[in-house]
Amino acid sequence: MKIRYGQVFTALGVILCLSACGQKDALPQPGKQAAPNANSLQKSPVEITSKSGVKMRLIPGGEFLMGSSSGDKDETPPHRVTVSGFAMDVFEVTQDQYAAFEWPNPAHFKDPRRPVEQVRWSDAALFCNERSRREGLEPCYDEVTFECRFDASGYRLPTEAEWEYAARAGTETDYDFGNDPRERQSHANFKKISNGRTGLAGKKKPNRWGLYDMCGNVYEWCHDVYDPAYYAASPGTDPHGPATGEKRVLRGGAWNSSPVACRAPTRYSDVPGITDACFARDTYGFRSVRPLSPEEKTGLLVSDKMGKPSP
Amino acid sequence: MTSKRILGQRGFLGMTGHRISGGMAGGALVLAVILSSGAAVPARVAEEDAAMAALRAELAALPYKIVFERYDKDNWELYVMNADGTDPRNLTQTHDIHEMYPQASPDGTRICFLADVEKDGNTLRSVYYMNADGTGRTLVAEKSRQPCWSPDGTKIAFVRQEFSKLNITDYVSKGLYFYDLKTGETTEHPNKEICHLYNLTWSADGCWIVSTVHAGMGFSHGIIAIEVGGMGVYDLKLSGCRPCLSADGRQICWGADDHTIRIGDVDFLGGIPKVSNEKIVSKAQVLHQYHSDFSPDGKYVSYSIGPGGRTQAKGPGTHTEVAEMVSVAGQWNLFVKRSNGEGPAVQLTWDEDLCNKESEWLPVASNTKAKP
């Protein structure tokens, strides 16, 4: 009888899952292992291609230090947050992804390879729902109230905690590539070097977890309602933001931003544009996340334990 | 028609959230609430009462009617009423077709409009025109939208939808086309880069189409002037959308933001179109106002006021989107104000359960049936 390694890995994964005593995504936990300024997850997370052809990284759950004491007041207090594992788009959603859905391209800077911008928060949420439907997943957002079902299997906008966790990629510096200003130009499209427009998605270096343009290019809508004082009372596990509020969180800075706005902990916000028929902020885009499937959680564990490098 | 019928047979949810009903005083109070910064001043209400009555009398004497779209009983229809809001009549009366976005020909004999029909499980949106009395419906183009008349009434400009499947987002359009009523032929504008236009309006000299553009032709968002017979495209440098040119071609009104109707002088003669002397016609603090339209003599502007935001889909003819968009229903009503911005507004419709939008002034033609 021929034994397939994949079956062995899967079986090992199941055993490891069972032995994790109910902990969510118990391995690995980059933040806990992190020394200051260190990358705890030594390998990039596994990269997959979704059913609709979008590259994603399977981000293992873990704990990290969210916020900063060296930035604006709304970044304080720095606090430890645990997030469950999730899959995240490798790139900001591009204009050709919109075209593939026959969605109108709202972007000012037209190019199928550039990120879509001039996106209302609500349109970003609707895009996530449409993507879910096309992949046979449960849509997360109610399309009138925009309440989010976090237990649904489909796509949604990242929570602010998920976004910062992914942007930090196991580090505790302002930028995942460190605080050396000379590194910025190779990692980020920001005001000084953007020539007044968005850059091609993925043109700069990725962060340590293989995610591109987490720093600069377009601000990325997060799911959370913005509250400058939220960190003082935020839940320690999977925070979803305040229940109500006028603005939604934007992260990561844009092509017209200063480097400070592109820091991992920098928080920005704006009205979501739900009521605005003529929304035109050519600095606002997004990327999607979804929960890991049971198989993906297993695969993560096997991949890590077996010491297999990511594909 | 008495003012009692016009004003306040039903409640109206004003910007402060107070439900107001009743006769003239209630109506005046609503207007004061909408048009002021929030607190109604009794003395001003009394003053506006008389001014409103005077304006309403002026409107009643005008040789114009107003055609508009109304959502009622899961159906969009085109209605026509007197300029003071009296005697609304259903022009289309098609329970299985949604008619919207009426545009009156300059001589008042015809109306072009949009119609949505269900076909093979999809919504087919098309441009039609008809006589002003609702007879003689004629197809202009399928999968098209945003029609407007040439100043001589011989052509209809319109845009085609960008994708095969209908998307109600207003800017989802491609190209610019001209339908000749005499020949029935359609020609495309020579500039093949034209896209994402909405709310077209044709200049009095016939040489320019002014339109909103959103995320197209290198523009982020704005109001542009397009040469009808050439390749020129000029940014009018106006913040906002939904422009309307006056019949004499000298003025433009538009929605400067979700709450403000502005007016300005427009000059097409200098080679590069430009707008000057901007001023506010009407401003609401909380409610949205849009769809401004000049009366044929340029002395008045009609517009719609309603709640912003996405609305709950109520039936097959409405959608869940921003309420000011075509085919999206909300609690909207129609108003008229002097185009110089002076004096109060007169409310023309008072329907809490209906949606009244996209008003268009219609000159009263001696014969409402157009010449063949």
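Source: prediction; values computed, not measured. (Residues numbered from 1 in each chain as written. Chains lettered and ligands numbered in written order. Predicted model: local features only at pLDDT ≥ 70, side-chain atom pairs only at ≥ 80, totals over all residues. Heavy atoms only, no water.)

Visitor: Teacher, can you tell me more about the overall build of chain A here?
Guide: A count of helical and extended segments in chain A gives 7 helices and 10 strands. For chain A, buried positions account for 57% of its 311 residues. Surface exposure of chain A reaches about 13,000 Å², of which carbon and sulfur atoms provide 53%. (Helix = DSSP H or I, 4+ residues; strand = E, 2+ residues; numbered from the N terminus. Buried < 20%, exposed > 50% of the residue type's maximum accessible area, 1.4 Å probe, protein only. Areas by Shrake-Rupley, 256 points an atom, 1.4 Å probe, with all protein chains shown as cover.)

Visitor: Before we go on, may I ask you to explain the sheet that holds strand β5 (residues 86-89) of chain A in this structure?
Guide: Strands pair in a sheet through their backbones, by hydrogen bonds, and they do so in one of two ways: parallel or antiparallel. Residues and elements named next belong to chain A. Here we have 4 strands laid out as an open sheet, ordered β1-β2-β5-β10, and antiparallel in their pairing. If you trace the sheet from one side to the other, it starts and ends with β1 (46-49) and β10 (289-291), each paired once. Each strand axis lies, on average, 30 degrees off the axis of its neighbour in the sheet, ignoring direction. Pairing geometry for β5 and β10, over 3 bridges, is antiparallel. Of the residues in β10, the one forming a bridge with Ala-87 is Arg-290. Helix α5 (residues 160-168) contacts β2 (55-59), β5 and β10 of the sheet and is inclined by roughly 70 degrees relative to β5. (Pairing = 2+ DSSP bridges. Axes fitted to C-alpha atoms, helices over the stretch in contact; angles between N-to-C directions. Contact = heavy atoms within 4.5 Å.)

Visitor: Even after reading the chapter, I still don't get the interface of chain A and chain B, so can you show me in this structure?
Guide: Every contact between the two is made by 23 residues of chain A and, on the other side, 30 residues of chain B. Summing both partners gives a buried area of about 1,800 Å² for chain A against chain B, and 56% of it is carried by carbon and sulfur. When residues of chain A are sorted by the area they lose upon contact with chain B, Pro-104, Ala-277 and Cys-278 of chain A head the list and together hold 29% of the total. Between the two partners, chain A and chain B, sit 1 salt bridge. Between Glu-321 of chain B and Arg-120 of chain A there is a salt bridge, with its nearest N and O atoms 2.9 Å apart. At the surface where chain A touches chain B, the tally comes to 5 residue pairs in polar contact (both at pLDDT 80 or more). (Buried area = accessible area lost by both parts, 1.4 Å probe. Salt bridge = Lys/Arg side-chain N within 4 Å of Asp/Glu carboxyl O. Polar contact = N/O pair within 3.5 Å; in protein donor to acceptor, adjacent residues only side chain to side chain.)

Visitor: Looking at this structure, how should I read α5 of chain A?
Guide: Each α-helix turn comprises 3.6 residues. Residues three or four places apart therefore point the same way. Residue and element names in this part refer to chain A. In terms of residue burial, α5 counts as a mostly covered element, since 9 of its 9 residues are buried. Residues Glu-160, Ala-161, Glu-162, Trp-163, Glu-164, Tyr-165, Ala-166, Ala-167 and Arg-168 constitute the buried set of α5. Positive backbone phi, approximately 50 degrees, marks Ala-169, located one or two places after α5.

Visitor: What is the right way to read the nonpolar core from this model?
Guide: Soluble globular proteins tend to pack their nonpolar side chains together in the buried interior. By size, the foremost hydrophobic cluster in this structure holds 36 residues, and its most contacted members are Tyr-98, Tyr-141, Leu-157, Trp-221 and Phe-286 of chain A. Elements with a contribution of two residues or more to this core: β1, β2, α4 (121-134) and β6 (219-225) of chain A. The element best represented in this core is α4 of chain A, accounting for 6 residues. Once residues lying within four places of it in the same chain are set aside, the contact partners of Phe-286 of chain A are Glu-92, Val-93, Tyr-98, Val-116, Val-119, Ala-124, Phe-127, Cys-128, Leu-157, Tyr-219, Glu-220 and Trp-221 of chain A. Core analysis: the next-biggest nonpolar cluster, separate from the first, contains 32 residues, Ala-277 of chain A together with Trp-76, Ala-141 and Ile-168 of chain B among them. (Core = buried A, V, L, I, M, F, W, Y, C linked by side-chain atoms within 4.5 Å.)

Visitor: What exactly am I supposed to notice about the pattern of salt bridges here?
Guide: Side chains that differ in sign of charge can pair as their charged atoms come close. Residue and element names in this part refer to chain A. Tallied over the entire structure, the rule returns 32 salt bridges over all chains. The salt bridge involving Glu-47 is made with Arg-57; its shortest N-O contact spans 3.2 Å. One end of the pair, Glu-47, is in strand β1; the other, Arg-57, is in strand β2, and 10 residues separate them in sequence. The class for Glu-47 is partly exposed, based on a relative accessible area of 24%. Judged by its relative accessible area of 10%, Arg-57 falls in the buried class. One salt bridge connects Arg-114 with Asp-111, and the closest N-O pair in it is separated by 3.9 Å. No difference in accessibility class separates Arg-114 from Asp-111, as the two residues are buried. Connected through salt bridges with shared partners, the residues Glu-160, Glu-164, Arg-168, Arg-251 and Arg-267 form a single ionic network.

Visitor: Explanation requested: the environment of Ala-50 of chain B in the structure shown.
Guide: Residue and element names in this part refer to chain B. With respect to the secondary-structure elements, Ala-50 resides in helix α3 (residues 42-61). Since its relative accessible area comes to 53%, Ala-50 is described here as exposed. Between the C-alpha atoms of Ala-50 and Ser-302, which are 252 residues apart in sequence, the distance is 20 Å.

Visitor: What should I look at first to understand the sheet that holds strand β3 (residues 64-72) of chain B in this one?
Guide: Residue and element names in this part refer to chain B. In spatial order, the strands read β5-β4-β3-β26; together these 4 strands make up an open sheet with antiparallel pairing. A strand with exactly one partner marks an edge of an open sheet, and here the two such strands are β5 (89-90) and β26 (355-363). As judged from the 2 bridges shared by strand β4 (residues 75-82) and β5, these two strands associate in the antiparallel manner. The residue of β5 that forms the bridge with Tyr-79 is Asn-90.

Visitor: Sorry if this is basic, but what is going on with unusual backbone geometry here?
Guide: Excluding glycine, most residues fall at negative phi; most peptide bonds, likewise, are trans. All names here are of chain A. In this structure, the amide linkage connecting Thr-76 to the following residue, Pro-77, adopts the cis form with an omega of -5 degrees. Turning to its location among the elements, Pro-77 is positioned in the loop between β3 (62-66) and β4 (79-83). One non-glycine residue, Asp-213, lies in positive phi territory at about 60 degrees. Tracing the sequence through the fold places Asp-213 in the loop between α6 (184-187) and β6. Even without glycine at this site, Asp-238 takes up a positive phi of about 45 degrees.

Visitor: Can you walk me through the environment of Gly-134 of chain B in this structure?
Guide: With respect to the helices and strands, Gly-134 of chain B occurs in the loop between β8 (122-131) and β9 (138-142). Taking C-alpha positions, Gly-134 of chain B is 9.6 Å from Tyr-79 of chain B, a pair spaced 55 residues apart along the chain.

Visitor: What is the right way to read α4 of chain A from this model?
Guide: Residue and element names in this part refer to chain A. Its 14 residues place the ends of α4 20 Å apart at the C-alpha level, agreeing with the 20 Å of an ideal helix rising 1.5 Å per residue. Burial analysis of α4 places 12 of its 14 residues in the buried class, the great majority of the element. When we look at burial in α4, the residues that qualify are Trp-121, Ser-122, Asp-123, Ala-124, Ala-125, Leu-126, Phe-127, Cys-128, Asn-129, Glu-130, Arg-131 and Ser-132. Against β2, β5, α3 (95-100), β6 and β7 (248-251) lie the buried residues of α4. Where α4 ends, the next residue or the one after it, Gly-136, has phi of about 75 degrees, a positive value. (Expected span 1.5 Å × (residues − 1).)

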